[in-house]
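Working through the structure, step by step
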Amino acid sequence: MKTCFVCARRASSAALPRSVIASGSRWRIEMGWKRGVRYFTKDDQGNSREISLPSLPEPPVEEDFWDGDPYTYPAFEEDGNESPLTITAAGWEVVTQQLSEQVELPESLPDLRKLLDNDLYGHAVREVGIAVESALREVVGNDDGYGQRLVWEFIDHLHDEVFVYNAMLKIYRLRLRTFFKFVRNPHADHKISLTRPHALSLTAHALHLLSDIQQFGGEEEQ
């Protein structure tokens, strides 16, 4: 068993957020955590103590984790530098098909199932977009908010009330702004022809957002 000392300031900077999803992983990322290593810090009197890290979320049961570890992720590099990953048109088709097969329609949105069953795909995407926007309004407490302005209010809310990490704020800002710009707003203003896999993939993405938004609302109540 290896040991490692880290400065108290760095360890304390990873203050436990209310989001259980982010907490365990974020501490480890900031500390350069490695499995099997014990981490210690020192108090003002110079006494060392072992750092107690919050538990990681239970991983899903999968057989194809990267390198066999649910908390290890692939990195893409070129000449030793981080490099973006470009998805080809064929890749997007595969992603769209795979995502469409994973959608789980909630009982709380019965009209969504009816619209999809009747091949009213544009209406279905519009319906789930309304649900996302309504959930944002409920969390921030603004019945008149809409669009990108509502996204900013939600991000400010996460920062001020839920104490979410900056990295997580950037992720949700990007996800929500992208959703409103390319999904919610176009389908609210125009009739857009969609295939069933495309509609289901957009629905699945929106439902993931909806679940996260509602979770943050629940954390605040606790």
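Residues numbered from 1 in each chain as written. Predicted model: local features only at pLDDT ≥ 70, side-chain atom pairs only at ≥ 80, totals over all residues. Heavy atoms only, no water.

Time to look at the overall build of the chain. What the chain contains, in helices and strands, is eight helices and five strands. In the chain, the succession of helices and strands from N to C terminus is β-α-α-β-β-β-β-α-α-α-α-α-α. Split into buried and exposed, the 222 residues of the chain put 34% on the buried side. The contacts in the chain between residues at least 6 apart in sequence include a share of 64% that link residues at least 24 apart. As presented, the chain carries roughly 14,800 Å² of accessible surface, and 50% of it is formed by carbon and sulfur atoms. (Helix = DSSP H or I, 4+ residues; strand = E, 2+ residues; numbered from the N terminus. Buried < 20%, exposed > 50% of the residue type's maximum accessible area, 1.4 Å probe, protein only. Contact = heavy atoms within 4.5 Å. Areas by Shrake-Rupley, 256 points an atom, 1.4 Å probe, with all protein chains shown as cover.)

Predicted coordinates in areas of low pLDDT are best not read in detail. Looking at the chain, the pLDDT average stands at 76 and 67% of residues meet or exceed 70. Under a pLDDT of 50 for its full length, residues 1-22 has, in the predicted model, 57 contacts with residues more than four places off or in other chains. (pLDDT = per-residue confidence, 0-100.)

Let us now look at the packing of aromatic side chains. Counted according to the given criterion, the structure contains one aromatic pair. Geometrically, the ring pair formed by Phe 179 and Phe 180 is edge-to-face, given 5.8 Å between the ring centres and 90° between the ring planes. (Phe/Tyr/Trp six-rings, centres within 6.5 Å; stacked < 30°, edge-to-face > 60°.)

This next bit is on the pattern of salt bridges. Inspection of the entire model under this criterion finds three salt bridges. Residues Arg 184 and Glu 133 are paired through a salt bridge, measuring 2.8 Å at the closest nitrogen-oxygen approach. With a gap of 51 residues between them, Arg 184 in helix α7 (residues 166-189) and Glu 133 in helix α5 (residues 121-140) connect regions that are remote in the sequence. In terms of burial, Arg 184 and Glu 133 fall into one category: buried. When salt bridges with common partners are traced through the structure, they connect Glu 133, Arg 137 and Arg 184 into a single cluster. (Salt bridge = Lys/Arg side-chain N within 4 Å of Asp/Glu carboxyl O.)

Turning to α5, a few remarks are in order. Along its 20 residues, α5 runs 29 Å from first to last C-alpha, staying within 8% of the 28 Å computed at 1.5 Å per residue. Along α5, the positions that sit buried rather than exposed are Tyr 121, Gly 122, Ala 124, Val 125, Val 128, Gly 129, Ala 131, Val 132, Glu 133, Ala 135, Leu 136 and Val 139. Two residues or fewer after α5 comes Gly 141, characterised by a positive phi angle close to 75°. (Expected span 1.5 Å × (residues − 1).)

What follows is about the environment of Ile 213. Along the polypeptide, Ile 213 turns up in helix α8 (residues 196-221). A residue is classified by how much of its surface remains accessible, and Ile 213, at 1% relative accessible area, is buried. Along the primary structure Ile 213 and Val 132 are separated by 81 residues, whereas in three dimensions their C-alpha atoms are 7.9 Å apart. Once residues lying within four places of it in the same chain are set aside, the contact partners of Ile 213 are Val 132, Ala 135, Leu 136, Val 139, Phe 154 and Leu 176.

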